[in-house]
Amino acid sequence: MRKLLRRGAAAFAAAASLVLMSLGATPAQADSSAIPSGMTWTVLAKGNGTIRVGADSATDAYNGDTAATATLPMLCLRVSGSAVPAGITPDFYAGWARGTVAATPPVLGKSLTSRATADAVCAQYYGADWRMAEFHDGRYGANLEASGGWSFWAYGYVPDGTRFWAAINDQPANPWN
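Definitions and limits used
For every chain, the first residue of the written sequence is number 1, and numbering continues from 1 along that sequence. The predicted nature of this model means local features are confined to residues of pLDDT at least 70 and side-chain atom pairs, given and counted, to a pLDDT of 80 or more, with totals for whole chains, interfaces and linings taken over all residues. As a rule here, side-chain values come from all non-hydrogen atoms in the structure, and water together with hydrogens is ignored. What makes a salt bridge here is a side-chain nitrogen of Lys or Arg within 4 Å of a carboxyl oxygen of Asp or Glu, nothing more. Secondary structure elements are defined from DSSP: runs of H or I of at least 4 residues count as helices, runs of E of at least 2 residues count as strands, and each element is numbered from the N terminus. Think of it in three bands: with a 1.4 Å probe and only protein chains considered, a residue is buried below 20% of the maximum accessible area for its type, exposed above 50%, and partly exposed in between. Criterion for a disulfide: a pair of cysteine sulfur atoms at a distance within 2.5 Å. Given a helix with a known number of residues, its expected span is that number minus one, times 1.5 Å. Picture the helix axis, draw a direction to every C-beta atom, and the arc is the one those directions span. Should any heavy atoms of two residues lie within 4.5 Å, those residues are considered in contact.

Overall, the coordinates contain 4 salt bridges when judged by the stated rule. In this structure, aspartate 56 engages arginine 163 in a salt bridge whose closest nitrogen and oxygen atoms are separated by 2.8 Å. Pair noted here: aspartate 56 is in the loop between β3 (50–54) and β4 (66–67) and arginine 163 is in the loop between β12 (151–156) and β13 (164–165), with a separation of 107 residues, a long-range link. Residue aspartate 56 is classed as partly exposed on the basis of its relative accessible area of 28%. Where aspartate 119 meets arginine 115, a salt bridge forms, and the shortest distance between an N and an O atom there is 3.0 Å. You can see aspartate 119 and its partner arginine 115 sitting in helix α3 (residues 115–126), 4 residues apart, about one turn around the helix. With relative accessibility at 25%, the residue arginine 115 sits in the partly exposed group.

What follows is the structure, given as structure tokens:
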């Protein structure tokens, strides 16, 4: 029975690839398991010592938008519990991360084999209390009790015009998925 199920799954995958290729996809694009993809973010705005990082039109938070064969900086975050600075009003789509962000030197996406591995890269560059930034790190509400998504504000510096790896904990859009 297992053998029959495996053959059926393989036949389904092959048929799906043929359909995608008939629609103009390359063989690599048609085989979605060939190269995992990770979600990337960019700089959206800058304030006085603060920065807003998040999704733009190139970001795919559901499947990943950049092949894990790419080498990009990784967005790291140190949550220190810092209060929301004047001039920022956190909401669901642009929360306050309660800390500082920084970008690592470029990292090969497929070397990020797990969230723990990615967190270790941040710790290597910035210290034990740093980890990979995550899609839902932005907080809002009366006591920042609610978690939002898509972007957040934090202290720190990340170069403009740069894409960087960011994690997402509820979708298969990380280089390790």
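Turning our eyes to something else, we now look at unusual backbone geometry. Most peptide bonds take the trans configuration, and most residues that are not glycine carry a negative phi. For arginine 98, which is not a glycine, the phi torsion comes out positive at approximately 65°. Positionally, arginine 98 belongs in strand β7 (residues 95–103). According to the relative accessible area criterion, arginine 98 is partly exposed, its value standing at 27%. A positive phi angle is found at tryptophan 150, which is not glycine, with a value near 80°. Here tryptophan 150 shows up in the loop between β11 (146–147) and β12.

Quick look at the state of the cysteines now. Here is the idea: a disulfide is a covalent bond, and it sits between the sulfur atoms of two cysteines. In total, this model carries 1 disulfide according to the counting rule given. Two residues, cysteine 76 and cysteine 122, share a disulfide whose sulfurs are 2.0 Å apart. Judged by the sign of its S-S torsion, about -85°, the bond between cysteine 76 and cysteine 122 is left-handed. Taken together, the positions of cysteine 76 in strand β6 (residues 75–79) and cysteine 122 in helix α3 put the pair 46 residues apart, joining distant regions of the chain. The pair formed by cysteine 76 and cysteine 122 is uniform in burial state, with each residue classed as buried.

Turning to α3, a few remarks are in order. Counted at 1.5 Å a residue, the expected span for α3 with its 12 residues is 16 Å, and the 17 Å between its end C-alpha atoms agrees. Among the residues of α3, those classed as buried are Ala118, Val121 and Cys122. Angularly, the buried residues of α3 cover 95° about the axis, an arc narrow enough to put them on a single face. In α3, the exposed positions angled more than 90 degrees off the buried face are occupied by Ala116 and Gln124. Contact partners of the buried residues in α3: β6, β8 (107–108) and β9 (131–132). Of the residues trailing α3, glycine 127 is marked for its positive phi of about 130°.

Everything listed here is a matter of geometry and, on its own, says nothing about what the molecule does.
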